[in-house]
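Structure assessment
So you can see what is in the structure, the chains are spelled out below.
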Amino acid sequence: MTQIKFGTDGWRGLIADDFTFANVRRVAGAIAGYVLKHEANARTIGVVIGYDTRFLSGNVARIVAEVISGAGIPVRLANDYVPTPAVSYNVKKLGAAGGVMITSSHNPWNWNGVKFKGNFGGSATPAIMKVIESELAANAGAAFSGPPATIEEVDLKPTYVEAICQFADLNLIRRANLKFAIDSMYGSGRGVLPKIFDAQGIRYVAIRQEVNPLFPGINPEPILPHVALLQETVVKEKCHAGLVTDGDADRIGAVAEDGSFVDSHKCMCVLLNWLLQYKKWPGDVVRAFNTTGMMDRIAAKYGRKLHECNIGFKYIVDLMTDHDILIGGEESGGIGYGRFLPERDGILNALLLANVMAEEGKPLGQLVADLQREFGSHYYGRRDLHISDEMKNGAIRRAADPHTTKLGAYSILRKEDRDGVKFYLDAPKRGNGADPWVLFRASGTERLLRCYVEAAAPELVEEILEAGERFVTLT
């Protein structure tokens, strides 16, 4: 029997290899077992299920619905492709026992997965995932008895769209007369922003809105090099910014007016600074272990407490359930707001970036430049190294070894091991720029090690990334 391992937001696997209908039924059964034992609304309101544009996602969603309804749990099943945050929003609005999303988010075309959402409308906490894992181990292949509950097909988009439109100031965006390029990367955010902008009379051009489960030429992840077409479109169409969401529309990326890529760290900082300066909403700030130190400096300026957490939005959700959190963000482009939903939301963040531009009267690139001047130069890079488990685990052991005191030309000032191993280096800082660091983090579910770097100059980022890759592949 295939071993199923849950990652930071559920289970993912290679289609037809380990992501099979049989294994999907096992995971669905474990979710049903958890819901029946731990959720009060299991047999009344039940579970919400959605799916993205990946190969067979609709079929898989139907299988999950049949397993869960077979356990006596009513199911509301999406009648079309839907963004992950729309599933989460409907879970919270309906008071459902939980939600399931069939997606592999930003992974390549040949992956798919199952995400579980808690009854609060966000990524299941680590504690919930552990219980589901225990259900999977205890009940592999088990069948439920009794009559099945209903499966009702519903449109999950309208209430979600209405909610995010109320959270952003669309009238202000329209009056600013800005023009945007919108890229859904063939994912389940397709058509949502165009429909909102059409209704409000906001100027835009849209690309990659059609369904194509092969995601031709890209992974549906809003980072370089996959945003190249958006960069070209912004320049060609003379847009003030490009806004891009990933395969299931819960992550955000952006392109400035000159076609340069604006990574998730800069998006978070632009949004954080705007919230604190203009909105003045209460709450602390959360960032994941692999995100920019600029957030620390912005939070400090406004006297807000900053929490650092492990990598994975479920850890941000954990903090949102226990603290008053204004904003929480992660390196992969997931950003959420405690006063809206404990969930990352690429479409909402696209609207809010447009809101910031309209309120400050500046294109996106100028907003980023302003932050760099005030809080110091912060540049970021990442390399995904697809290597053997032996090499991956060996690199992490060597990184943690006290005898490892240098990386390339630079001495290691200190190490942190919250989630992976992070080196702070004695590389040049350039005034009040970023403290140079590199983080090595091995995937728990794939033959993959990621190397993350932040430093005060792009060329220094590249130098440290090169040194990091040499360190990992050392034999």
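Residues numbered from 1 in each chain as written. Predicted model: local features only at pLDDT ≥ 70, side-chain atom pairs only at ≥ 80, totals over all residues. Heavy atoms only, no water.

Examining the overall build of the protein chain
Let me state the cut-off plainly: To qualify as a helix, a DSSP run of H or I must reach at least 4 residues; to qualify as a strand, a run of E must reach at least 2; elements of each kind are numbered from the N terminus. Note on method: radius of gyration uses C-alpha positions; expected globular size equals 2.2 Å times residues raised to 0.38. Any residue under 20% of the maximum accessible area for its type is buried, any over 50% is exposed, and the rest in between are partly exposed; the area is computed with a 1.4 Å probe on protein chains only. Charge assignment: positive for Lys and Arg, negative for Asp and Glu; neither His nor the chain ends contribute. Just so you know, the charge point we use is NZ for Lys, CZ for Arg, CG for Asp and CD for Glu.
Helix and strand counts for the protein chain come out as 15 helices and 21 strands. Computed over its C-alpha atoms, the radius of gyration of the protein chain comes to 22 Å, within 12% of the 23 Å expected for a compact globule of 475 residues. Seen through its C-alpha atoms, the protein chain measures out along the principal axes to roughly 70 × 60 × 40 Å. Within the protein chain, the proportion of its 475 residues that are buried is 60%. Of the side-chain charges in the protein chain, 54 are positive and 56 negative, and the distance between the mean point of each set is 1 Å.

Here's the deal with the pairing of strand 12 (residues 284-288)
Test applied: Two strands form a pair only when DSSP identifies at least two bridges running between them.
Of all five residues that make up strand 12, five are buried, and the element is covered over most of its length. A two-sided burial pattern is seen for strand 12, the buried positions comprising Asp284, Val286 and Ala288 on one face and Val285 and Arg287 on the other. Bridge analysis of strand 12 against strand 14 (residues 325-329) gives four bridges, and the strand direction is parallel. Opposite Arg287, over in strand 14, you have Gly329 as the bridge partner.

Description of unusual backbone geometry
With an omega of 0 degrees, the peptide bond between Leu224 and Pro225 qualifies as cis. Counting through the fold element by element, Pro225 comes out in the loop between strand 8 (203-207) and helix 8 (228-236). Despite not being glycine, Ala16 shows a phi value in the positive range, around 75 degrees. With respect to the element layout, Ala16 can be found in the loop between strand 1 (11-14) and helix 1 (21-38). Judged by its relative accessible area of 66%, Ala16 is exposed. A positive phi angle is found at Met185, which is not glycine, with a value near 55 degrees. Along the chain, Met185 turns up in the loop between strand 7 (179-183) and helix 7 (192-200). For Met185, a relative accessible area of 0% puts it in the buried group.

Side note on the packing of aromatic side chains
Inclusion rule: Think of it this way: a Phe, Tyr or Trp ring, Trp meaning its six-membered ring, pairs with another when their centres are within 6.5 Å, and the plane angle makes it stacked under 30 degrees, edge-to-face over 60, tilted otherwise.
Taken as a whole and judged by the stated rule, the model has 12 aromatic pairs. Their ring planes at 15 degrees and their centres at 6.1 Å tell us that Tyr89 and Phe340 sit as a pair that is stacked. Of this pair, Tyr89 sits in helix 3 (residues 84-94) while Phe340 is found in the loop between strand 15 (335-336) and helix 12 (346-360), placing the two residues 251 residues apart along the sequence. Here Tyr89 falls in the buried class, since its relative accessible area comes to 16%.

Brief notes about the sheet that holds strand 21 (residues 449-455)
Read across the open sheet, the six strands follow the order 16-21-20-19-18-17; overall the sheet is antiparallel. Of all strands in the sheet, those with a lone pairing partner are strand 16 (379-385) and strand 17 (406-407), marking the two edges. As judged from the four bridges shared by strand 19 (residues 421-425) and strand 20 (residues 437-442), these two strands associate in the antiparallel manner. Each bridged residue has a counterpart across the sheet, and for Lys422 the counterpart in strand 20 is Leu439.

Describing the side chain of Glu221
Going by this rule: In the analysis that follows, any N or O atom pair within 3.5 Å is treated as a polar contact, provided that within protein one partner can donate a hydrogen and the other can accept it, and provided that, for residues neighboring in sequence, both atoms belong to side chains. Between two residues, a contact is recorded if the distance between any of their heavy atoms is within 4.5 Å.
Following the sequence through the fold, Glu221 ends up in the loop between strand 8 and helix 8. For Glu221, a relative accessible area of 4% gives the class buried. One polar contact links Glu221 to Arg382, side chain to side chain, over a distance of 3.1 Å. Every residue in contact with Glu221, bar those within four places of it in the chain, is listed here: His106, Met185, His226, Asp246 and Arg382.

Notes on helix 5 (residues 157-167)
Convention followed: Starting at the helix axis, one direction is taken to each C-beta atom, and the arc is that of these directions.
When we look at burial in helix 5, the residues that qualify are Lys157, Tyr160, Ala163, Ile164 and Phe167. Along the axis of helix 5, the buried positions cluster into a sector of 135 degrees, meaning they face one direction only.

Some details on the packing of helix 9 (residues 264-279) against helix 12
Stated formally: Axis angles are defined between N-to-C directions and span 0 to 180 degrees, where every axis is a line fitted to C-alpha atoms and, for a helix, only to the segment in contact. Every angle not falling under 35 degrees, over 145, or within 65 to 115 is termed oblique; those three ranges are roughly parallel, roughly antiparallel and roughly perpendicular. By the definition used in this description, the sense in which the near helix is turned from the far one sets the handedness, with an anticlockwise turn below a right angle giving left-handed and a clockwise turn giving right-handed. Each residue gets one of three labels, nonpolar for Ala, Val, Leu, Ile, Met, Phe, Trp, Tyr, Cys and Pro, charged for Asp, Glu, Lys and Arg, and polar for the others, Gly among them.
Relative to each other, helix 9 and helix 12 sit at 55 degrees, their axes nearing to 10 Å. In terms of orientation, helix 9 and helix 12 fall into the oblique class. By crossing handedness, the relation of helix 9 to helix 12 is classed as left-handed. From helix 9, Cys267, Val270, Leu271, Trp274, Tyr278 and Lys279 reach across to helix 12, where they touch Asn349, Leu352, Leu353, Asn355, Val356, Glu359 and Glu360. Of the residues that constitute the contact of helix 9 with helix 12, the class distribution is eight nonpolar, two polar and three charged.

Here's the deal with the pairing of strand 3 (residues 75-78)
Here is the rule: The path from the first strand over the helix to the second decides the hand: if it runs clockwise while the strands point away from the viewer, the crossover is right-handed.
When strand 2 (residues 47-51) meets strand 3, the two strands line up parallel, connected through three bridges. In the strand pairing of strand 3, Val48 is matched with Arg76. Between the parallel pair strand 2 and strand 3, the chain is carried across by helix 2 (residues 57-70), and the sense of this crossover is right-handed. Note: strand 3 against strand 6 (residues 151-154), four bridges, orientation parallel. Paired with Val75 across the bridge in strand 6 is Ile151.

Some words on the pattern of salt bridges
How we decide: Any Lys or Arg side-chain nitrogen found within 4 Å of a carboxyl oxygen on Asp or Glu counts as a salt bridge.
According to the stated counting rule, one finds 31 salt bridges in the structure shown. Arg251 serves as the salt-bridge partner of Asp246, at 3.8 Å between the closest nitrogen and oxygen. With a relative accessible area of 0%, Asp246 lands in the buried category. Under the relative-accessibility criterion, Arg251 is labelled buried at 7%. Among the salt bridges present, the one from Arg344 reaches Glu330, with a minimum N-O distance of 2.3 Å. Within this pair, whereas Arg344 is found in the loop between strand 15 and helix 12, its partner Glu330 is found in the loop between strand 14 and strand 15, the two being separated by 14 residues in sequence. With relative accessibility at 4%, the residue Glu330 sits in the buried group. Here the residues in one salt-bridge network are Lys115, Asp246, Asp248, Asp250, Arg251, Glu330 and Arg344, joined through shared partners.

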